[in-house]
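Read off the chains here:
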Amino acid sequence: ALCGEPPTDTALCLVCGDILCATPSCRGEPEQALRHGEMPCSRHANTCGAGCGMFYLLHEGRVLLTYSSGELHEGRAIPHFYPSIYLDAHGEEDHKLRRGRPLFLSAQRQADLHHLWLTHAIPITVARALDRRHGP
């Protein structure tokens, strides 16, 4: 975290491995960024992945995709929750890690996420999710 304290809502960048705050609760966040609604993951994605980001939210057990473009969503990053790469023994996700069951890395979901990154498909994936949310 920018403030030097352990993050309360931890995000792991799946591109470079950095650990950062998932929410702007960090005391080290620039005030200007907070006023404009810029989230730490979005800002990191701008420097790490040219506007595209993949983060594993440790306290929620799911993946966050972000895409930042001046053409979409008033120039701010668009977040999209992607299916978790960790599943229980029955192949189910554990949102917010409430059930407390052991989770295992899903090789198929990891490969799907890797394919998204390699084919530069994060922007279209996020845009399609936005279309589904807001309709035609």
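Now for a description of the structure that goes with this document. (Residues numbered from 1 in each chain as written. Predicted model: local features only at pLDDT ≥ 70, side-chain atom pairs only at ≥ 80, totals over all residues. Heavy atoms only, no water.)

1. Digging into the overall build of the protein
The condition is simple: Think of it this way: any DSSP run of H or I at least four residues long counts as a helix, any run of E at least two long counts as a strand, and we number them from the N terminus. Partly exposed describes any residue whose relative accessible area lies between the buried limit of under 20% and the exposed limit of over 50%, with all areas from a 1.4 Å probe on protein chains only and scaled to the type maximum. Contacts: residue pairs with any heavy atoms within 4.5 Å of one another.
Each helix and strand counted, the protein has four helices and seven strands in total. Order of helices (α) and strands (β) in the protein, N terminus to C terminus: β-β-α-α-β-β-β-β-β-α-α. Within the protein, buried positions represent 38% of all 136 residues. For the protein, contacts bridging at least 24 residues in sequence account for 42% of all contacts bridging at least 6.

2. Some thoughts on the side chain of aspartate 88
The line we're drawing: Identification of polar contacts relies on pairs of N or O atoms within 3.5 Å, with a donor-acceptor requirement for protein atoms, meaning one able to donate a hydrogen and the other able to accept it, and with residues adjacent in sequence counted only if both atoms are side-chain atoms.
Of note, aspartate 88 is situated in the loop between strand 6 (86-87) and strand 7 (104-105). At 3.4 Å, the side chain of aspartate 88 and the side chain of arginine 99 are in polar contact.

3. Thoughts on the nonpolar core
The criterion, for reference: In plain words, nonpolar cores are sets of buried Ala, Val, Leu, Ile, Met, Phe, Trp, Tyr and Cys residues tied together by side-chain atoms within 4.5 Å.
Counting 15 residues, the largest nonpolar core has Val63, Leu65, Tyr82, Leu113, Leu116, Ile122 and Val126 as the members making the most contacts within it. Sorting the residues of this core by element identifies strand 3 (52-57), strand 4 (62-67), strand 5 (78-82), helix 3 (107-118) and helix 4 (122-134) as the ones contributing at least two each. Beyond its immediate sequence surroundings of up to four residues, tyrosine 82 is in contact with Arg62, Val63, Leu65, Asp112, Leu113 and Leu116. Counting nine residues, the second largest nonpolar core, distinct from the first, contains Ala11, Cys41, Phe55 and Leu64.

4. What to know about the side chain of aspartate 94
Looking at the secondary structure, you find aspartate 94 in the loop between strand 6 and strand 7. Accessibility expressed as a relative area gives 5% for aspartate 94, which makes it buried. For aspartate 94, the side chain forms a polar contact with the main-chain nitrogen of arginine 98, separated by 3.1 Å. Aside from chain neighbours lying at most four places away, what touches aspartate 94 is Glu60, Arg99, Gly100, Arg101 and Leu103.

5. A short note on the sheet that holds strand 5
Rules: Any two strands are treated as partners once DSSP identifies two or more bridges connecting them. Under this scheme, a helix contributes an axis fitted over its contacting stretch, all axes are lines through C-alpha atoms, and angles between N-to-C directions fall in the 0 to 180 degree range.
Read from one edge of the open sheet, five strands run 2-1-3-4-5, paired in antiparallel fashion. The open sheet has two edge strands with one neighbour each: strand 2 (19-21) and strand 5. Sheet twist, expressed as the average angle between the axes of neighbouring strands with direction ignored, equals 35°. Pairing of strand 4 with strand 5 involves five bridges; the strand directions are antiparallel. Note that in strand 5 the partner of leucine 65 across the bridge is histidine 80.

6. Overview of helix 4
Convention followed: What a helix should span is 1.5 Å times the count of its residues minus one.
Between the first and last C-alpha of helix 4 there are 18 Å, a value that for 13 residues agrees with the 18 Å anticipated at 1.5 Å per step. All of the buried residues along helix 4 are Ile122, Thr125, Val126, Ala127, Ala129 and Leu130. The elements touched by buried residues of helix 4 are strand 3, strand 4, strand 5 and helix 3.

7. Regarding the pattern of salt bridges
We count it as follows: Take a side-chain nitrogen of Lys or Arg and a carboxyl oxygen of Asp or Glu: if they are within 4 Å of each other, that pair is a salt bridge.
Per the stated rule, a full pass over the model turns up six salt bridges. Where arginine 62 meets glutamate 60, a salt bridge forms, and the shortest distance between an N and an O atom there is 2.9 Å. In this structure, aspartate 94 engages arginine 99 in a salt bridge whose closest nitrogen and oxygen atoms are separated by 3.7 Å. Note on arginine 99: relative accessible area 36%, which makes it partly exposed.

8. Here's the deal with helix 3
In this model helix 3 runs 16 Å from its N-terminal to its C-terminal C-alpha over 12 residues, within 8% of the 16 Å that 1.5 Å per residue would give. Downstream of helix 3 by one or two residues, histidine 120 has phi in the positive range, about 55°.

Everything listed here is a matter of coordinates, which is why it stays silent on function.
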